Amino acid sequence: MNYPQATMLGLVQGLTEFLPVSSSAHLRITAAAAGWDDPGAAFTAITQIGTEAAVLLYFRRDIARILRASARSIRDREARYDPDARIGWLVLLGTIPIGVLGLTFQDAIEGPFRDLRLTAMSLILLGLVLGGADRYAASGRRKGRHALPRPRRTLDDLSVRDGVLFGFAQAAALIPGVSRSGATISGGLLLGYTRQAAARYSFLLAMPAVLASGLFELRHLIGSGDEDASDTPSGSAAAQSASSVAGVAELSWGPTLLATGVAFTTGYAAIAWFLRYISSRSFAPFVAYRVGLGVLLLVLLAAGVLDAQAGAPQD
């Protein structure tokens, strides 16, 4: 992977990580459409450290408050009723499903799950789920002239059951095309939470899993031991020697750090814009975009313009 490719992929990662459109799908599609090697699950996980750093910065006051309340609840039983303490512990509880499933299906996630046909179907299916959840959230409790708005919950109402369900919704994002934020926001809307509460909790819930995954995947960079490999042609023996799987873009420090920095900058801007947007508008544009992109991808695959395995790892 060279620096221009890393810049483009970092930009895509940052712009799409927090929107319900699937950053992993966009990284995969961008690389396939440009004729590049698949950036791979390792590259995605490492650059997500940049986007999660944006979360840490944007929600720094909330996070500090949650950490203080959670620490206080360890020794003070009364503090366990504090909503901030409950959020802190439920974030850890909700991380367990994606951690267990991620390790269990690691080979599939890094291989067969990156098939573009699966990505296209995931884009469409989750788009329809998000649209249905958003309509449910906006619907009234009674039909007709006297319909009342459906009461919505905030993060102060978060329960253990909901924390676990949020966690399983997040785990669906192990499949490229599903979208971590899209899945957890859909789950939150169906559980009765406001758009803002579902989105904020989605960002907070992602932090432990994404940071752990990114740090775990850093072994690919440490193992490459070649900071200058990005200057070599992607098809050369030198470039391929640093990649553990054929067909996956080689990881090296320079381009990967650049992509992570770009993802941090654009990710911070995306968080600020997205939270303002959903405060007064629906998810309908994201639903239409997901379904349209998924259908377009299927058409391009059927027409032979794109190969479902383009740039994907080869056995």
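Positions within a chain are numbered from 1, following the residues in the order the chain's sequence is written. Only residues with pLDDT of 70 or above have their local features reported here, since the model is predicted, and side-chain atom pairs are shown and tallied only from 80 upward, although totals for entire chains, interfaces and linings are computed over all residues. In computing side-chain values, all of the structure's heavy atoms are included and hydrogens and water are not.

### Quick look at the overall build of the protein chain
Basically, it comes down to this: Secondary structure follows DSSP: runs of H or I at least 4 residues long count as helices, runs of E at least 2 residues long count as strands, and numbering of each begins at the N terminus. Whether a residue is buried, partly exposed or exposed follows from its accessible area with a 1.4 Å probe, protein chains only, as a fraction of its type maximum: under 20%, in between, or over 50%, in that order. Any two residues whose heavy atoms approach within 4.5 Å at even a single point are treated as in contact. Each accessible area is a Shrake-Rupley estimate made with a 1.4 Å probe; only the visible protein chains count as cover when residues are assessed.
Broken down by element type, the protein chain carries 13 helices and zero strands. Start at the N end of the protein chain and walk to the C end: the helices and strands fall as α-α-α-α-α-α-α-α-α-α-α-α-α. Burial status across the protein chain gives 51% buried among its 315 residues. In the protein chain, of all internal contacts separated by at least 6 residues, the share reaching a separation of at least 24 is 78%. Carbon and sulfur atoms make up 64% of the accessible area of the protein chain, which totals about 14,300 Å².

### Points about unusual backbone geometry
Phi at S22 is positive, roughly 80 degrees, even though this residue is not glycine. Here S179, not a glycine, exhibits a phi torsion of approximately 90 degrees, which is positive. Mapped onto the elements, S179 comes out in the loop between α8 (160-171) and α9 (180-190).

### Some details on helix α4 (residues 60-75)
Each full turn of the α-helix corresponds to 3.6 residues, which orients residues three or four apart in the same direction. To keep things clear, this is the line we draw: For a helix, the expected span equals 1.5 Å multiplied by the residue count minus one. By definition, the arc is the one covered by directions from the helix axis to the C-beta atoms.
Here α4 contains 16 residues, and its C-alpha end-to-end distance of 24 Å stays within 8% of the 22 Å for a straight helix at 1.5 Å per residue. Those residues of α4 not exposed but buried are D62, I63, I66, A69, S70 and S73. Down the axis of α4, the buried set is contained in an arc of 135 degrees. They therefore lie on one face. Looking at α4, the residues exposed on the side facing more than 90 degrees away from the buried face are R61, L67, R68 and R75.

### Describing the packing of helix α3 (residues 40-58) against helix α12 (residues 253-278)
Our working rule: Interaxial angle, 0 to 180 degrees, is taken between N-to-C directions of lines fitted to C-alpha atoms, where a helix line uses only the stretch in contact. Comment on the angle field: the value is read as roughly parallel under 35 degrees, roughly antiparallel over 145, roughly perpendicular from 65 to 115, and oblique elsewhere. Handedness of each helix crossing follows the sense of rotation of the near helix against the far helix: counterclockwise by less than a right angle gives left-handed, clockwise gives right-handed.
The geometry of α3 relative to α12 is characterised by a closest axis approach of 7 Å and an angle of 45 degrees between their N-to-C directions. Between α3 and α12, the crossing angle belongs to the class labelled oblique. Viewed along their axes, α3 and α12 form a crossing whose handedness is right-handed. For the pair formed by α3 and α12, the contact residues are F43, I46, T47, I49, G50, T51, A53, A54, V55, L57 and Y58 on the first element and T256, A259, T260, A263, F264, G267, Y268, I271, A272 and L275 on the second.

### Section: the pattern of salt bridges
We count it as follows: Salt bridges are defined by distance alone: a side-chain nitrogen of Lys or Arg within 4 Å of a carboxyl oxygen of Asp or Glu.
As enumerated under the stated definition, the model contains eight salt bridges in all. Here R195 ties to D134 by a salt bridge, and the two come within 2.9 Å at their closest N and O atoms. A residue pair is termed long-range when its members are at least 10 positions apart, and R195 in helix α10 (residues 195-224) and D134 in helix α7 (residues 116-138) qualify at 61 residues. Residue classification places D134 among the buried positions, given a relative accessible area of 6%. A salt bridge links R153 to D162, with the shortest nitrogen-to-oxygen separation between them at 2.8 Å.

### Some thoughts on the packing of aromatic side chains
We count it as follows: Two aromatic rings from Phe, Tyr or Trp, using only the six-membered ring of Trp, form a pair when their centres are within 6.5 Å; if the ring planes differ by under 30 degrees the pair is stacked, by over 60 it is edge-to-face, and anything between is tilted.
One pass over the structure, following the stated rule, counts 13 aromatic pairs. Look at Y58 and Y268: their rings are 5.5 Å apart centre to centre, the planes differ by 65 degrees, and that puts the pair in the edge-to-face class. In this pair, Y58 is assigned in helix α3 and Y268 in helix α12, connecting sequence segments 210 residues apart. Looking at Y268, the relative accessible area reads 30%, which means it is partly exposed. On the basis of an interplanar angle of 55 degrees and a centroid distance of 6.3 Å, the ring pair of F283 and F286 is categorised as tilted. F286 shares its class with F283; the two are buried. An aromatic cluster is built from F18, Y58, F59, F203, Y268, W273, F274, Y277, F283 and F286, whose rings are joined through pairwise contacts.

### Let's talk about the packing of helix α1 (residues 3-16) against helix α2 (residues 23-34)
Heads up, the rule is: All amino acids are sorted into three groups, where Ala, Val, Leu, Ile, Met, Phe, Trp, Tyr, Cys and Pro are nonpolar, Asp, Glu, Lys and Arg are charged, and the leftover types, Gly among them, are polar.
Contact pair α1 / α2: the axes reach a minimum separation of 8 Å and the direction vectors enclose 155 degrees. The pairing of α1 with α2 is recorded here as roughly antiparallel in orientation. The chirality of how α1 crosses α2 is right-handed. Of the residues in α2, those touching α1 at M8, L9, V12, Q13 and T16 are S23, H26, L27 and T30. Per-class residue counts for the contact of α1 with α2 are four nonpolar, five polar and no charged.

### Quick word on the confidence of the model for the protein chain
Spelled out, the test is: The predictor's confidence in any single residue is recorded as pLDDT, a number from 0 to 100.
In the predicted model, the protein chain carries a mean pLDDT of 85, and 85% of its residues have values of at least 70. Mean pLDDT values for the elements of the protein chain range from 37 in helix α11 (residues 237-241) up to 96 in helix α13 (residues 284-302).

### Brief notes about the nonpolar core
Heads up, the condition is: What we call a nonpolar core is a set of buried Ala, Val, Leu, Ile, Met, Phe, Trp, Tyr and Cys residues that are connected through their side-chain atoms within 4.5 Å.
In this structure, Y201 and F274 are the most contacted members of the largest nonpolar core, which totals 40 residues. Of all the secondary-structure elements, those providing two or more residues to this core are α3, α4, α5 (83-104), α7, α9, α10, α12 and α13. Ranked by residues supplied to this core, first place goes to α10 with eight residues. Every residue in contact with Y201, bar those within four places of it in the chain, is listed here: I87, L90, V91, L155, L158, G163 and F166.

### Focus: the environment of P112
Mapped onto the elements, P112 comes out in the loop between α6 (106-110) and α7. Separated by 63 residues in the primary sequence, P112 and I175 have C-alpha atoms spaced 9.9 Å apart.

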